[in-house]
Amino acid sequence: MVEPDEIRTERLVLSRPQPTDADAFIALHSTPEAYPHDGWLRRTPEQALEQLDWFREKWAADGIGYWTIRLAGTAEVIGFGGVQHRDEDDGPELNVYYRFFPTAWGQGYATEMAEAALGWARRHRPDRAVRIVTDPANTASVRLAEKLGFTRHLERRRDGRPEVVFRLAAR
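Residues numbered from 1 in each chain as written. Predicted model: local features only at pLDDT ≥ 70, side-chain atom pairs only at ≥ 80, totals over all residues. Heavy atoms only, no water.

Draft legend 1. Region of the structure containing unusual backbone geometry. Positive phi is not limited to glycine here, since Asp 159 has a value of about 55 degrees. Turning to its location among the elements, Asp 159 is positioned in the loop between strand E7 (151-158) and strand E8 (161-168). (Helix = DSSP H or I, 4+ residues; strand = E, 2+ residues; numbered from the N terminus.)

This is the structure in structure tokens:
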């Protein structure tokens, strides 16, 4: 099966990250305002480039991964996110991740991107459960997970910090 290099929604273009996305990736992942609930994850420029390389390696290994998110009709990068294969204790799953520039918040872009990611997952990997992991204090992400039909799977501490795992069962 050929995985998509690009998916289009009504307002977004979701595409495989390229080296030319590095400046936007560094800017987003070093912006304190983009991490209101998990500032400890903020990256130095070097760490951001390592993470972007990891995103690209996951694409090469798995044929799918997190996308660069642009507004349709422009080249403006508003965030990064999508769905990526993960091996978990329960077996292989898909993980939904997203991070947007604060200027893109509150406009429904996370929902639109996540719906596209879930649509892809349900068509191409119906045997895989899908999860969203977030800080329990991140009420916007908790609401999004619930809106998309995820159920609270477990709460845990990772690296000393609380997180909640939402799960959507495989079909």
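Draft legend 2. Main features of the packing of aromatic side chains. The final tally for this structure, using the stated rule, is seven aromatic pairs. Residues Phe 25 and Phe 80 carry aromatic rings whose centres are separated by 4.7 Å and whose planes lie at 80 degrees to one another, so their mutual orientation is edge-to-face. Within this pair, whereas Phe 25 is found in helix H1 (residues 22-29), its partner Phe 80 is found in strand E4 (residues 77-88), the two being separated by 55 residues in sequence. With respect to class, Phe 25 is no different from Phe 80; both count as buried. Taken together, the ring pairs in this structure connect Phe 25, Trp 54, Phe 55, Tyr 66, Phe 80 and Tyr 97 into an aromatic cluster. (Phe/Tyr/Trp six-rings, centres within 6.5 Å; stacked < 30°, edge-to-face > 60°. Buried < 20%, exposed > 50% of the residue type's maximum accessible area, 1.4 Å probe, protein only.)

Draft legend 3. Region of the structure containing the pairing of strand E5 (residues 91-100). Of all 10 residues that make up E5, nine are buried, and the element is covered over most of its length. When E4 meets E5, the two strands line up antiparallel, connected through 10 bridges. Looking at the pairing, His 85 lines up with Leu 94 of E5. Between E4 and E5, which pair antiparallel in sequence order, lie two residues. Judged from the four bridges that link them, E5 and strand E6 (residues 129-134) form a sheet pairing that is parallel. In the strand pairing of E6, Glu 93 is matched with Ala 129. (Pairing = 2+ DSSP bridges.)

Draft legend 4. How the structure looks around the confidence of the model for the protein chain. Chain-level statistics for the protein chain give a pLDDT mean of 88 and a share of 91% at 70 or above. Confidence, read as mean pLDDT per element, is least for helix H2 (residues 45-62) in the protein chain (88) and greatest for strand E3 (residues 66-71) (96). (pLDDT = per-residue confidence, 0-100.)

Draft legend 5. How the structure looks around the pattern of salt bridges. Scanning the model with the defined rule gives nine salt bridges in all. Its salt-bridge partner being Arg 70, residue Asp 21 comes within 2.5 Å of it at the nearest N-O pair. Here Asp 21, found in the loop between strand E2 (12-15) and H1, pairs with Arg 70, found in strand E3; they are 49 residues apart in sequence, far enough to count as distant. Under the relative-accessibility criterion, Asp 21 is labelled buried at 2%. Look at Arg 70 and you get buried, because its relative accessible area is 19%. Salt-bridge contacts for Arg 158 lead to Glu 163; the nearest nitrogen and oxygen are separated by 3.0 Å. By relative accessible area, which is 39% here, Arg 158 ends up partly exposed. Within this structure, Glu 93, Arg 131 and Arg 167 form a network of salt bridges that share partners. (Salt bridge = Lys/Arg side-chain N within 4 Å of Asp/Glu carboxyl O.)

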